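So you can see what is in the structure, the chains are spelled out below.
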Amino acid sequence: MCGIVGYIGYRDAFPIIIKGLQRLEYRGYDSAGIALFDGSQINLSKTKGKVEDLKNKAKGISQKGSIGIGHTRWATHGVPNDVNSHPHYSNSGKLVIIHNGIIENYEAVKQELTKRGYTFKSDTDTEVLVNLIEEVKKTEDVKLGKAVQIALNQVVGAYAIAVFDIEKPDEIVVAKLGSPLAIGIGDNEFFIASDASPFIEFTNNAVYLEDEEMAIIRLGKEIKLRKIKDDSVAYPRILELQMNLEEIEKGGYDHFMLKEIYEQPRAIKDTYRGRLLADQGLIRMAGIDQNMEKFLNANRIIIVACGTSWHAGLVAEYIFEDLARIPVEVEYASEFRYRNPVITDKDVVIAISQSGETADTLAAIKLAKEKGAFVFGVCNVVGSTIARETDAGAYTHAGPEIGVASTKAFTTQITVLTLIALKLAKAKGVFSESRYHEYLTELETIPSKVERSLESNPLIEIIADVYKDSTNCLYLGRGYNFPVALEGALKLKEISYIHAEGYPAAEMKHGPIALIDEHMPVFVIATKKGHYEKVVSNIQEIKSRKGKIIAIVTEGDEQVRDLADHVIEVPETLESLTPLLTTIPLQLLSYHIAVMRGCNVDQPRNLAKSVTVE
Ligand code: AGP
């Protein structure tokens with residue numbers, strides 16, 4: 001995610017902002033920038049790259065001034081480059097803004113502003129927003145704070161912004177919806193940041209803005225808090241922070257992996273934000289719309305990926321074939337690239353990669369393109385190599401995934417792939433309007449259902465303690481949940497170092513059942529939707545051989561509860577959407593077992609977050 005930092009007080013702003021940006025580097029970013037007011041003009045420097053690059057580039061500007069804003073950008077609209085970096089000026093050069101979030105309706109606003117003579121240097125939604133504020137300020141003849149309040153009622157999306165007006169050099173206006181924004185309150189000085197890490201060394205008094213709140217921060221005055229919706233007065237809640245730096249970076253969680261597991265409701269919502277318009281019966285994805293014929297005329301879809309992304313591809317195989325009736329093959333990228341596959345220009349290849357830098361996946365893409373296939377990328381890192389190498393694509397907008405074990409990448413990849421499959425099913429006419437609408441509305445309920453699945457965490461911690469010393473585990477699932485069984489096994493082995501295997505539940509009788517005894521924990525996904533009765537009989541086979549059964553079941557299930565040693569409930573949903581919920585308990589289970597075994601959860605032995613070599 002982007003990071004924002006601001007300062008207004010009596011000290012030199014430059015070192016405070018630069019150090020603050022360094023404190024936010026953990027959030028992941030691809031460019032950085034700073035703007036300072038030196039008493040007469042705004043001095044701005046920004047660059048693609050790291051904060052260190054910004055420090056070097058900023059040697060070219062005046063670093064004087066006690067008011068300023070800074071930004072680390074995680075690209076969502078517009079590739080990482082100097083021009084798209086923040087801060088952004090308004091056309092007049094009098095306003096300057098930094099922004100963390102996504103303005104969904106920025107294209108419509110940009111068109112209107114263009115008609116009114118505005119020009120744009122960057123491809124960003126943020127530059128549109130600062131010019132909308134300028135246009136409101138001009139046409140309504142209001143001050144910056146009021147202009148921000150009016151303008152934000154005209155945009156749709158998520159934001160944490162800080163705006164400065166050269167004509168009001170003793171104030172900074174901030175506003176929040178969906179992205180975090182904290183105000184540090186010092187002695188005759190104020191700090192603004194995405195979290196408290198940039199200012200905790202100066203003050204532990206902070207105000208965390210609530211959604212749809214804005215604040216006018218003026219030197220020597222109390223913060224003026226307002227509701228964006230109607231400009232009514234709101235009252236600041238000053239907290240005395242007890243967290244240290246490391247705790248702040250992990251959002252109060254013990255590990256990045258746990259933080260990212262809990263980010264999944266927000267991440268899934270960000271993934272479909274601006275794309276899933278259920279009330280209009282629409283899914284809007286430019287990369288698909290512009291290449292619809294290629295997908296509809298394809299002989300088949302070949303999915304290439306590695307690891308967790310390959311598991312997301314397996315889920316997609318069920319989704320595309322079941323819903324869109326399009327043949328799909330899923331390939332390990334590392335095998336695909338060397339087995340001399342038969343590929344034609346009637347094939348569509350979908351490459352899935354969180355990092356966008358996985359060497360095997362990149363090589364598979366190049367091979368597919370050489371043989372004439374159309375290649376579509378599903379990546380999490382904007383401007384990554386795979387994102388640039390593919391012919392088109394869709395980002396997952398999960399935000400940076402720091403933990404080596406992939407969690408929110410998996411669920412957001414499945415979300416993107418589900419949106420694509422639904423779009424294709426609709427375009428092919430294989431979906432009735434009512435069934436299409438049922439899927440769109442159910443997809444919107446998934447973030448809250450993931451929240452409910454996360455509530456089992458205390459129970460899961462107890463179960464983890466029972467099985468933390470196991471040496472082998474089996475994971476079983478059928479249909480859509482077979483790939484989830486594979487993913488659950490991968491999670492456990494890569495962070496706890498316990499050997500684990502995932503299998504289709506029906507495969508037990510073809511060999512693995514020989515492994516079952518009282519020392520073998522078997523994690524079975526037995527949700528109501530998806531071959532339930534058959535999975536129940538598999539559970540009975542395991543039970544009769546004294547296997548330990550930990551079942552993931554649908555809320556209210558009694559039948560499996562009577563058979564299993566432990567059950568973990570997830571809410572009911574459509575069969576094709578169950579992987580988004582059943583994976584949650586398995587992520588938490590592997591996390592707790594790894595912690596109890598004293599493993600390095602965020603950086604497991606022998607592993608790298610991005611495998612950029614063969
Ligand atoms: C999953 O937890 C692992 N971190 C690993 O299998 C990962 O999914 C794989 O290396 C693919 O990475 P990518 O999605 O960045 O291409």
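This one's a predicted model, so the numbers in the text were calculated from it and none came from an experiment.

1. Notes on the overall build of the chain
At step 1: Assigned secondary structure in the chain consists of 20 helices and 27 strands.
At step 2: Its C-alpha atoms give the chain a radius of gyration of 25 Å, near enough to 25 Å, the size a compact globule of 614 residues would have.
At step 3: The C-alpha extent of the chain, read off along each of the three principal axes, is 80 × 55 × 45 Å.
At step 4: Across the 614 residues of the chain, 61% fall into the buried class.
At step 5: When the accessible surface of the chain is totalled, it reaches about 23100 Å², and 48% of it is carbon and sulfur.
At step 6: Separation between the mean location of the 70 positive side-chain charges and that of the 84 negative ones in the chain comes to 3 Å.

2. So, the site of the ligand
At step 1: Taken together, 14 residues form the shell around the ligand, and within it Ser-309, Ser-353, Thr-358, Val-404 and Glu-494 come nearest.
At step 2: Between the ligand and Val-404 there is a distance of 2.7 Å, counted from a nitrogen atom to a backbone nitrogen or oxygen.
At step 3: Burial of the ligand by the surrounding chains reaches 91%, relative to a free accessible area of 410 Å².
At step 4: Of all the secondary structure elements, the ones that give two or more residues to the shell around the ligand are helix H11 (307-324) and helix H18 (482-496).
At step 5: Take the shell around the ligand: its biggest share by element is 3 residues, from H11.
At step 6: A per-class count over the shell around the ligand returns 4 nonpolar, 8 polar and 2 charged.

3. Describing the packing of helix H4 (residues 125-140) against helix H5 (residues 144-152)
At step 1: Between H4 and H5, the shortest axis-to-axis distance is 8 Å and the interhelical angle comes to 115 degrees. As for the relative orientation of H4 and H5, their crossing is right-handed in sense. Each of Leu-129, Leu-132, Ile-133, Val-136, Lys-137 and Glu-140 in H4 lies in contact with H5, whose residues at this interface are Leu-144, Ala-147, Val-148, Ile-150, Ala-151 and Leu-152.

4. A few points about the pairing of strand E2 (residues 31-37)
At step 1: Counted residue by residue, E2 has 7 buried out of 7 residues, so it is predominantly covered.
At step 2: Because side chains alternate across E2, one face comprises the buried residues Ser-31, Gly-33, Ala-35 and Phe-37, and the other comprises Ala-32, Ile-34 and Leu-36, equally buried.
At step 3: Sheet topology places E2 next to strand E3 (residues 42-48); 7 bridges connect them, and they run antiparallel. Counted as the bridge partner of Ser-31 is Lys-48 from E3.
At step 4: Hairpin connection from E2 to E3: 4 residues lie between these consecutive antiparallel strands, with Gly-39 at a positive phi of about 105 degrees.

5. Some points on the nonpolar core
At step 1: Phe-320, Ile-350, Phe-376 and Tyr-475 are the most contacted members of the largest nonpolar core, which totals 90 residues.
At step 2: By residue number, the principal contributor to this core is helix H15 (residues 408-428), which donates 10 residues.
At step 3: Not counting the four nearest positions on each side in its chain, Phe-376 is found in contact with Gly-287, Ile-288, Phe-295, Val-349, Ile-350, Ala-351, Thr-390, Ala-392, Gly-393, Ala-394 and Ile-420.
At step 4: Ranked by size, the runner-up nonpolar core spans 29 residues in total, among them Ile-97, Leu-113, Tyr-118 and Ile-228.

6. A short note on the sheet that holds strand E23 (residues 472-477)
At step 1: In space, the 5 strands of this open sheet follow the order E24-E23-E25-E26-E27, with parallel pairing throughout. Lying at the two open borders of the sheet, with one neighbouring strand each, are strand E24 (499-504) and strand E27 (566-570). Between one strand axis and the next, the sheet turns through 20 degrees on average, direction left out of account.
At step 2: Looking at chain direction, E23 and E24 are connected through 6 bridges and run parallel. What sits directly across from Leu-474, in E24, is Glu-501.
At step 3: Packed on one face of the sheet, helix H19 (residues 532-543) meets E23, strand E25 (521-526) and strand E26 (548-554) and runs near 165 degrees to E25.

7. Describing the pattern of salt bridges
Oppositely charged side chains may form a pair once their charged atoms are brought near each other.
At step 1: Under the definition given, this model contains 42 salt bridges.
At step 2: Residue Glu-135 pairs with Lys-138 through a salt bridge whose shortest N-O separation is 4.0 Å. Placement of both Glu-135 and Lys-138 in helix H4 is noted, with a separation of 3 residues, approximately one turn of the helix.
At step 3: We classify Glu-135 as buried; its relative accessible area is 8%.

8. Quick look at the packing of aromatic side chains
At step 1: One pass over the structure, following the stated rule, counts 12 aromatic pairs.
At step 2: By the ring-pair criterion, three or more aromatic residues cluster together here, those being Tyr-7, Phe-191, Phe-199 and Phe-202.

9. Some points on the environment of Ile-463
At step 1: The residue Ile-463 is located in helix H17 (residues 457-467) in this model.
At step 2: The exposure class of Ile-463 is buried, given its relative accessible area of 1%.
At step 3: For the pair Ile-463 and Ile-568, spaced 105 residues apart in the sequence, the C-alpha separation amounts to 9.5 Å.
At step 4: Dropping the residues within four chain positions of it, Ile-463 is found in contact with Ile-550, His-566, Ile-568 and Leu-589.

10. Concerning the sheet that holds strand E13 (residues 224-227)
At step 1: The sheet built from 7 strands is open, its strands ordered E5-E6-E7-E8-E12-E13-E14 with antiparallel pairing. Sheet topology places strand E5 (88-89) and strand E14 (233-234) at the edges, where each strand pairs with a single neighbour.
At step 2: As defined by bridge partners, strand E8 (residues 171-177) adjoins strand E12 (residues 213-218) across 6 bridges and the pair is classed as antiparallel. Residue pairing in the sheet places Glu-171 in a bridge with Arg-218 of E12.

11. A word on helix H13 (residues 359-370)
At step 1: Under the 1.5 Å per step criterion, the end-to-end length of H13 is 17 Å for 12 residues, consistent within 8% with the ideal 16 Å.
At step 2: With 9 of 12 residues buried, H13 is to be regarded as a mostly interior element.
At step 3: When we look at burial in H13, the residues that qualify are Ala-359, Asp-360, Thr-361, Leu-362, Ala-363, Ala-364, Ile-365, Leu-367 and Ala-368.
At step 4: Close packing links the buried residues of H13 with strand E18 (300-305), helix H12 (333-336), strand E20 (347-353), strand E21 (374-379) and helix H14 (385-389).
At step 5: Following H13 by one or two positions, Gly-372 adopts a phi angle in the positive range, close to 95 degrees.

12. Let's talk about unusual backbone geometry
Glycine aside, residues mostly have negative phi, and peptide bonds are mostly found in the trans state.
At step 1: Here His-86 and Pro-87 are connected by a cis peptide whose omega angle stands at 5 degrees.
At step 2: Secondary-structure assignment places Pro-87 in the loop between strand E4 (67-73) and E5.
At step 3: A positive phi angle, close to 65 degrees, is found at Asn-188, a residue other than glycine.
At step 4: Among the secondary structure elements, Asn-188 is positioned in the loop between strand E9 (182-185) and strand E10 (190-193).
At step 5: We note that Glu-212 has phi near 65 degrees; this positive angle belongs to a residue other than glycine.
At step 6: Tracing the backbone through its elements, the reader meets Glu-212 in the loop between strand E11 (205-208) and E12.
At step 7: Given a relative accessible area of 33%, Glu-212 falls into the partly exposed group.

Conventions used here
- Residues numbered from 1 in each chain as written.
- Predicted model: local features only at pLDDT ≥ 70, side-chain atom pairs only at ≥ 80, totals over all residues.
- Heavy atoms only, no water.
- Helix = DSSP H or I, 4+ residues; strand = E, 2+ residues; numbered from the N terminus.
- Rg over C-alpha atoms; globule rule 2.2 N^0.38 Å.
- Buried < 20%, exposed > 50% of the residue type's maximum accessible area, 1.4 Å probe, protein only.
- Areas by Shrake-Rupley, 256 points an atom, 1.4 Å probe, with all protein chains shown as cover.
- Lys, Arg positive; Asp, Glu negative; His and termini not counted.
- Charge placed at Lys NZ, Arg CZ, Asp CG, Glu CD.
- Near = heavy atom within 4 Å.
- Polar contact = N/O pair within 3.5 Å; in protein donor to acceptor, adjacent residues only side chain to side chain.
- Nonpolar A, V, L, I, M, F, W, Y, C, P; charged D, E, K, R; others polar.
- Axes fitted to C-alpha atoms, helices over the stretch in contact; angles between N-to-C directions.
- Left-handed = near helix turned anticlockwise from the far one by under 90°.
- Contact = heavy atoms within 4.5 Å.
- Pairing = 2+ DSSP bridges.
- Core = buried A, V, L, I, M, F, W, Y, C linked by side-chain atoms within 4.5 Å.
- Salt bridge = Lys/Arg side-chain N within 4 Å of Asp/Glu carboxyl O.
- Phe/Tyr/Trp six-rings, centres within 6.5 Å; stacked < 30°, edge-to-face > 60°.
- Expected span 1.5 Å × (residues − 1).

In short, shape yes, function no, at least from these values alone.
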